[in-house]
Amino acid sequence: MQTAGFDCHAHVYGVVNRTQGSNYKPRSAAPLATWKQHLQSCGLAGGVIVQPSFLGHDNQQLLDNLAIAGSTFKGVAQLPSDASLAEMQRLDQAGVVGVRWNLIEHRAELPDLDDPQWIQFLEQLKAMDWHLELHLEGDRLPVLLPGLIQRGVRLVIDHFALPYLDNPDQDAGFQQILQAGQQGDLWVKLSAPYRSPVQDLKPYVSALLNHLGSERLVWGSDWPWTRHEGKHDYPDTLAWLSEWVEDSADRICILERSPRTLYRITG
């Protein structure tokens, strides 16, 4: 089978004995080999390993997996505000291309974007040509998004921006994303629909396609579906993309061209 396309959101880890900054502990490991089997079965060429919240800032498992995954795999780390440019450069050499802020459920205070340390952090991201992946509920996005846009950092918004209203025209955070995506360097992941209370996300996808275009969208399986295990299987998550995006050219762009651009995948 010829492989093409990328899963841009998966969590890969061994047995977790203790967690950092999270009230969730996975019941079993999510091995790289298992994920790669899923990718192969669906004809996908690679993907992006996203550091899970329960491992905190300890990115060693991420680095270990990237070391053996291959050239078509990249990583997104979690880092504290005092992370140095040298540390980012070390991670970059290992295949890391961005940093995730997991801020849902008020697990942590929203970063103060006027704090000199966070200002320096974001400047370092830009110097590295990295992106900031933002995981935050749609109704809280308006608190943080304008400041991040002002700082000029490349943004990747998790899980459709976690919309909370059935009508995207009434979702203030989502409307900010549509506007910002037309003006700046902003991308959105089509992934994990079950993490939003909205049952029908197709109107949101249509708005994203109309305002941002398929070249600013990527797809992710969210494997192994932490907190939602056992509700679906891997092929289901890829089939959802065909339900959301009817045009085959758009789907090819979302699966293949957009990930290569955003994550600098050359393999």
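Each remark here, short or long, concerns the structure printed above.
Residues numbered from 1 in each chain as written. Predicted model: local features only at pLDDT ≥ 70, side-chain atom pairs only at ≥ 80, totals over all residues. Heavy atoms only, no water.

A. Examining the sheet that holds strand β2 (residues 46-50) more closely. Overall, parallel pairing links the 8 strands, which are arranged β1-β2-β3-β4-β5-β6-β7-β8 in an open sheet. The outermost strands of the open sheet, each flanked by one partner alone, are β1 (6-10) and β8 (217-219). On average, adjacent strands in this sheet sit at an angle of 25° to one another, irrespective of strand direction. Note: strand β6 (residues 154-157) against strand β7 (residues 186-190), 3 bridges, orientation parallel. (Pairing = 2+ DSSP bridges. Helix = DSSP H or I, 4+ residues; strand = E, 2+ residues; numbered from the N terminus. Axes fitted to C-alpha atoms, helices over the stretch in contact; angles between N-to-C directions.)

B. Just the pattern of salt bridges, in detail. For the coordinates displayed, the defined rule picks out 14 salt bridges. Across the pair Lys189 and Asp158 runs a salt bridge whose closest N-O atoms are separated by 4.0 Å. Here the residue Lys189 occupies a position in strand β7, and Asp158 occupies one in the loop between β6 and α6 (172-183), the gap between them amounting to 31 residues. For Asp158, a relative accessible area of 1% gives the class buried. (Salt bridge = Lys/Arg side-chain N within 4 Å of Asp/Glu carboxyl O. Buried < 20%, exposed > 50% of the residue type's maximum accessible area, 1.4 Å probe, protein only.)

C. Representation of the packing of aromatic side chains within the structure. Counted under the stated rule, the structure contains 10 aromatic pairs. Here the aromatic rings of Trp240 and Trp244 are separated by 6.3 Å at their centres, their planes lie at 40°, and the arrangement is tilted. Linking Trp240 with Trp244, this pair stays in helix α8 (residues 234-244), spanning 4 residues, or about one helical turn. These aromatic residues form a ring-pair network of at least three members: Phe160, Tyr194, Trp240 and Trp244. The side chain of Arg216 reaches across the aromatic face of Trp187, ending 5.5 Å from its centre. (Phe/Tyr/Trp six-rings, centres within 6.5 Å; stacked < 30°, edge-to-face > 60°. Lys NZ or Arg CZ within 6 Å of the ring centre and 35° of its normal.)

D. Molecular detail of the pairing of strand β3 (residues 73-77). Most of β3 sits out of view: 5 of its 5 residues are buried. Where burial is concerned, the two faces of β3 agree: the one with Phe73, Gly75 and Ala77 and the one with Lys74 and Val76 are both buried. For the segment spanning β2, helix α2 (residues 60-69) and β3, crossover handedness is right-handed. One ladder, built from 3 bridges, connects β3 with strand β4 (residues 96-102); its direction is parallel. Residue Gly75 lies in a different strand from β4, and its bridge partner there is Val96. (Right-handed = clockwise from strand over helix to strand, strands pointing away.)

E. The arrangement of the environment of Val50 in detail. Looking at where Val50 falls in the secondary structure, it is placed in strand β2. Residue Val50 is classed as buried on the basis of its relative accessible area, which comes to 0%. Spatially, the C-alpha atoms of Val50 and Pro203 are 27 Å apart, while their sequence positions differ by 153 residues. In this structure Val50 touches Cys8, His9, Ala10, His11, Val76, Arg100, Glu133 and Lys189, once residues within four positions along its chain are discounted. (Contact = heavy atoms within 4.5 Å.)

Interpretation in functional terms is not warranted from these geometric data alone.
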